[in-house]
Structures are given as C-alpha cells and as structure tokens.
Amino acid sequence: MTTDHPAEAPRLRRPLTAVLVTGPSMAPTLRHGDAVLVRLAGRPIRAGDVVVAVFRTRPDLLVVKRAVRPQDGGWWLRGDNDLIADDSRAYGVADVRGRVVARYWPRPRRIPRRRL
C-alpha cells in the first residue's frame, strides 16, 4: 500500500505522555533507555527546558533535546552532548510538542531547566 503523504512522527495524545529516550545526544542529563514524562500543556517553553520536538526538515523524527532560543516561529534545539550534532545544527528549527518534566525510569527524578 502506498501513501501520498510523508511519514509523520508519532503524535503525543495525552496531557502527560511517556517517551523513551534513544541515543546518546542528551547525555549526561538523559541516557539511552531512560523513560521520561512529557507534559503537553502548561507553562510556555523557556530556553533551557528539555523538550520533545519534531524538526521541520525531518517530520518523521521525534526528538528529545534542550530548547536554546525561539527562532522563526519554532525553537532552536541542542543536545547536551556536544560531540553529537543531530540537533538544530544539522536539521534547523523544530516545533516543540511538549516539555520533559521527569525521568521515571531507571531512577526517578525531575529534569532541571539549565541556564544557557
């Protein structure tokens, strides 16, 4: 079966949604295999928040990154691991879907906002 539209990233449907982190781009804050809770509503996103987003150039890819600054109606995102460049440096501006509020697996803790 073929489709006429490109693949889209999974939609987050509930006010508080679980997301699994894959890859090393957010180390040491989050590691591959960590499970986090994402809040879809609530306070506006601020620079330094860890967010779940979709890059406009990669609508099929749901990512967990840190919001750096608003840009062109979206957000410029960076990973906490500077050795990995799979963030806005490679893909440009992203549209934020929600804010990561806590890691619940393997060791529960809140995810702090970091000053940039």
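Below: a short report on this structure. What you see is a predicted model, and the numbers here were worked out from it, not measured in a lab.

1. Some details on the pattern of salt bridges
Across all of its chains, the model carries 10 salt bridges by this definition. As a salt-bridge pair, Arg58 and Asp60 come within 3.5 Å of each other at their nearest N and O atoms. Taking relative accessible area as the criterion, Arg58 reaches 28% and is therefore assigned partly exposed. For Asp60, a relative accessible area of 38% translates into the label partly exposed. Among the salt bridges present, the one from Arg78 reaches Asp82, with a minimum N-O distance of 3.3 Å. Residue classification places Arg78 among the partly exposed residues on the basis of a relative accessible area of 27%. Salt bridges here are not isolated pairs; linked through shared partners, they connect Arg78, Asp82, Asp87 and Arg89.

2. Some points on the environment of Ser25
Looking at the secondary structure, you find Ser25 in the loop between β1 (16–20) and β2 (35–39). The spatial distance from the C-alpha of Ser25 to the C-alpha of Asp87 is 8.5 Å, given a sequence separation of 62 residues. Those residues in contact with Ser25, other than ones at most four positions away along the chain, are Val64, Lys65, Gly79, Asp80, Asn81, Ile84 and Asp86. A polar side-chain atom of Ser25 sits 2.7 Å from a polar atom in the side chain of Lys65.

3. Focus: the nonpolar core
Grouped burial of nonpolar side chains is what soluble globular proteins tend to show. Core analysis: the largest hydrophobic core is formed by 11 residues, namely Val19, Val21, Met26, Leu30, Val36, Val38, Val50, Val52, Val64, Val100 and Ile111. Elements that contribute at least two residues to this core include exactly β2 and β3 (50–55). Dropping the residues within four chain positions of it, Val36 is found in contact with Thr17, Ala18, Val19, Val21, Leu30, Val100, Ala102, Arg103 and Tyr104.

Conventions adopted
- Residues numbered from 1 in each chain as written.
- Predicted model: local features only at pLDDT ≥ 70, side-chain atom pairs only at ≥ 80, totals over all residues.
- Heavy atoms only, no water.
- Salt bridge = Lys/Arg side-chain N within 4 Å of Asp/Glu carboxyl O.
- Buried < 20%, exposed > 50% of the residue type's maximum accessible area, 1.4 Å probe, protein only.
- Helix = DSSP H or I, 4+ residues; strand = E, 2+ residues; numbered from the N terminus.
- Contact = heavy atoms within 4.5 Å.
- Polar contact = N/O pair within 3.5 Å; in protein donor to acceptor, adjacent residues only side chain to side chain.
- Core = buried A, V, L, I, M, F, W, Y, C linked by side-chain atoms within 4.5 Å.

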